[in-house]
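These are the residues of each chain, in order.
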Amino acid sequence: MSTAYDDLATRILDGGAATPEDALAVLQSPDNDLMAVVAAAGRLRREHFGNTVKVNYLVNLKSGLCPENCNYCSQALGSQAPILKYSWLSKEDTLAQAGAGLRGGATRVCMVSSGRGPSDRDIDKVVEMTEALKDEYDGVEVCACLGLLKDGQAERLKAAGVDAYNHNINTAESNHDNIVQTHTYDDRVDTIGKAKSAGLSPCSGLIAGLGETDEQLVEALFALKALESDSIPVNFLMPFDGTPYENTWELSPIRCVKILATARIVCPDKEIRIAGGREMHLRSMQATALHVANSIFLGDYLTSEGQDALTDLEMLRDNGFVILGMEQAAFEEIIAAHQDAKAHRVGAVTPCGSGGGCGDGCGGCATDATDQSTEAVEGSEHNPSIRRRGAGTEVPANA
Ligand code: SF4
């Protein structure tokens with residue numbers, strides 16, 4: 001059955017481009033049209049990415065302690081969110097954390113540090129980490145996300161082998177000053193330009209649910225298109241308690257799918273990544289959203305816990321997706337290894353490392369793979385679960 005959304009997809013596939021009015025029509029489509037919207041956006045996704053999903057893994061190199069005041073961020077100046085706070089991971093810790101993500105199925109490691117921007121000594125550290133990662137893991141893609149860049153820093157990252165640089169615009173220019181006051185929208189655009197000029201693949205995206213209007217969401221997506229962002233992380237606000245956005249709930253699962261579909265029709269051939277807030281906001285519609293988007297983060301986020309990695313991987317397989325850059329057999333092996341590890345954890349009766357535990361230090365021995373961090377601050381649909389495993393802890397990563 002032909003619909004206006006299908007006609008729009010055909011027009012784009014024939015070489016046309018969506019207009020802001022088209023984008024607004026998709027974003028504001030009636031809920032009854034959801035499957036027609038998904039089918040239309042899914043045609044674009046299949047055309048450019050087939051059934052592949054790019055799997056990325058976050059390593060938070062430095063957590064909290066940030067002097068900037070991004071209102072949405074649990075790591076910001078003034079945030080009372082009870083997140084992990086630590087200074088730079090060592091190169092060895094970074095390699096170990098990245099290795100867990102890569103063994104877990106990721107093909108890109110995203111190394112992130114909090115802060116306004118890196119010093120030259122910080123760049124030294126990331127250069128060293130990148131060179132070690134590239135030596136250790138054949139074919140690994142590295143993305144750095146270190147804040148605002150100064151002249152010459154992007155070139156140093158590129159020379160070390162960094163593939164991409166992430167710096168989100170986060171919201172429309174017309175909404176930017178409502179969400180942060182310690183730097184400007186132009187500062188952000190300048191860094192994306194520096195990364196691009198140095199030959200790094202620009203990765204820039206947004207956060208939905210920050211009080212923006214529909215028109216501002218569309219404005220942000222067209223800005224990302226103009227910036228030629230190769231990958232577009234779409235975050236859904238996680239309103240951490242202790243931040244100015246606590247108790248801000250503007251999103252529903254259907255709304256999130258429509259946002260992703262709008263991103264797809266505006267930027268049909270770009271990597272659209274479902275980023276932070278995936279589990280909390282899409283909930284049972286995560287798999288539907290993957291028929292529109294083509295990229296996720298595996299496991300945990302910077303300061304909050306994601307669903308367990310096995311659930312992520314099974315979701316991909318069950319919906320007929322494959323991991324970009326990975327043979328099907330390797331994908332199946334990774335799932336089987338995760339299933340074995342889960343069975344091992346569920347089967348054990350006393351904690352690892354204790355006298356009667358398995359002694360493997362697997363971090364498990366819980367009743368479920370999602371229950372590895374006994375000290376985690378409980379999360380729920382209305383409360384992000386604070387990360388208490390992986391980088392900056394002694395607890396094995398969720399990967
Ligand atoms: S988003 Fe980045 S710059 Fe802004 S407060 Fe968080 S860590 Fe700092």
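Cut-offs and rules
- What you see as residue numbers is a count from 1 along each chain, following the sequence as written.
- The model is predicted, so local features are restricted to residues of pLDDT at least 70 and side-chain atom pairs to those at 80 or more, both for listing and for counting; the totals for chains, interfaces and linings are taken over all residues.
- UniProt positions are given in the numbering used here, feature names are shortened, and annotations may be inferred rather than shown by experiment.
- Any residue whose C-beta atom, as set from the backbone, lies within 6 Å of a molecule or strand is reported as near that molecule or strand.
- Gly counts as polar in this scheme, as do all residues outside two lists: the nonpolar Ala, Val, Leu, Ile, Met, Phe, Trp, Tyr, Cys and Pro, and the charged Asp, Glu, Lys and Arg.
- Numbering of helices and strands runs from the N terminus, with a helix taken as a DSSP run of H or I at least four residues long and a strand as a DSSP run of E at least two residues long.
- Throughout, a residue-residue contact means that the two C-beta atoms, derived from backbone geometry, are no farther apart than 7 Å.
- Counting other C-beta atoms within 10 Å of its own, a residue is labelled buried from 20 upward, exposed at 12 or fewer, and partly exposed in the gap between, with every C-beta atom placed from the backbone.
- For this quantity, the arc is that covered by the directions from the helix axis to the C-beta atoms.
- A set of buried Ala, Val, Leu, Ile, Met, Phe, Trp, Tyr and Cys residues, joined through C-beta atoms within 7 Å, is what we mean by a nonpolar core.

For the protein, an unreviewed UniProt entry supplies the name Biotin synthase and the organism Nocardioides humilatus. A UniProt comment under Catalytic activity (unreviewed entry) is attached to the protein, and it reads "(4R,5S)-dethiobiotin + (sulfur carrier)-SH + 2 reduced [2Fe-2S]-[ferredoxin] + 2 S-adenosyl-L-methionine = (sulfur carrier)-H + biotin + 2 5'-deoxyadenosine + 2 L-methionine + 2 oxidized [2Fe-2S]-[ferredoxin]". Within the UniProt record for the protein, the comment given under Sequence similarities (unreviewed entry) is "Belongs to the radical SAM superfamily. Biotin synthase family."

Visitor: Explain the site of the ligand to me, and be specific about the residues and the numbers.
Guide: The immediate surroundings of the ligand are formed by C66, E68, C70, C73, Q75, A76, S114, R116 and G147. Residues that form the shell around the ligand fall into these classes: four nonpolar, three polar and two charged.

Visitor: Kindly report on the UniProt feature "binding site: [2Fe-2S] cluster" (unreviewed entry) in the protein, identifying the contributing residues and their values.
Guide: Residues given the UniProt feature "binding site: [2Fe-2S] cluster" (unreviewed entry) here are C110, C143, C203 and R273. Across 164 residues in sequence, these annotated residues keep their C-alpha atoms within 13.9 Å of one another, forming a single compact spot. Note on placement: C143 falls in strand 3 (residues 141–145). Residues in contact with C143, not counting those within four places in the same chain, are R108, C110, D163, A164, Y165, N166 and C203. Here C203 is to be found in strand 5 (residues 201–203). A residue is classified by how many C-beta atoms lie within 10 Å of it, and C203, with 27 of them, is buried. Apart from residues lying up to four places away in sequence, C203 is in contact with C143, A164, Y165, N166, S229, D230, S231 and P233.

Visitor: Residues and numbers for helix 13 (residues 309–318), please.
Guide: If you check which residues of helix 13 are buried, you get A309, L310, D312, L313 and L316. Buried residues of helix 13, viewed axially, fall in a sector of 160°; they line one side. Directly beyond the C-terminal end of helix 13, a positive phi value near 80° is found at G320.

Visitor: Go over the nonpolar core, please, and point to the residues and values.
Guide: Counting residues in hydrophobic clusters, the biggest one holds 109 residues, and the most contacted among them are Y57, V109, M111 and L260. Ranked by residue count, the leading element in this core is helix 10 (residues 253–266), at eight residues. What L260 contacts, discounting residues up to four positions off in sequence, is V234, I272, I274, A289, V292 and A293.

Visitor: Account for the UniProt feature "binding site: [4Fe-4S] cluster" (unreviewed entry) in the protein, with residues named and values stated.
Guide: Here, UniProt's "binding site: [4Fe-4S] cluster" (unreviewed entry) annotation points to C66, C70 and C73. Of the residues examined, C66 has 22 C-beta atoms within 10 Å and is grouped as buried. Residues contacting C66, with those up to four places away along its chain left out, are Q75, A76, L77, S114 and G115. Among the secondary structure elements, C70 is positioned in the loop between strand 1 (52–62) and helix 4 (91–103). Note on C70: 22 C-beta atoms within 10 Å, which makes it buried. Once residues lying within four places of it in the same chain are set aside, the contact partners of C70 are A76, I179 and V180.

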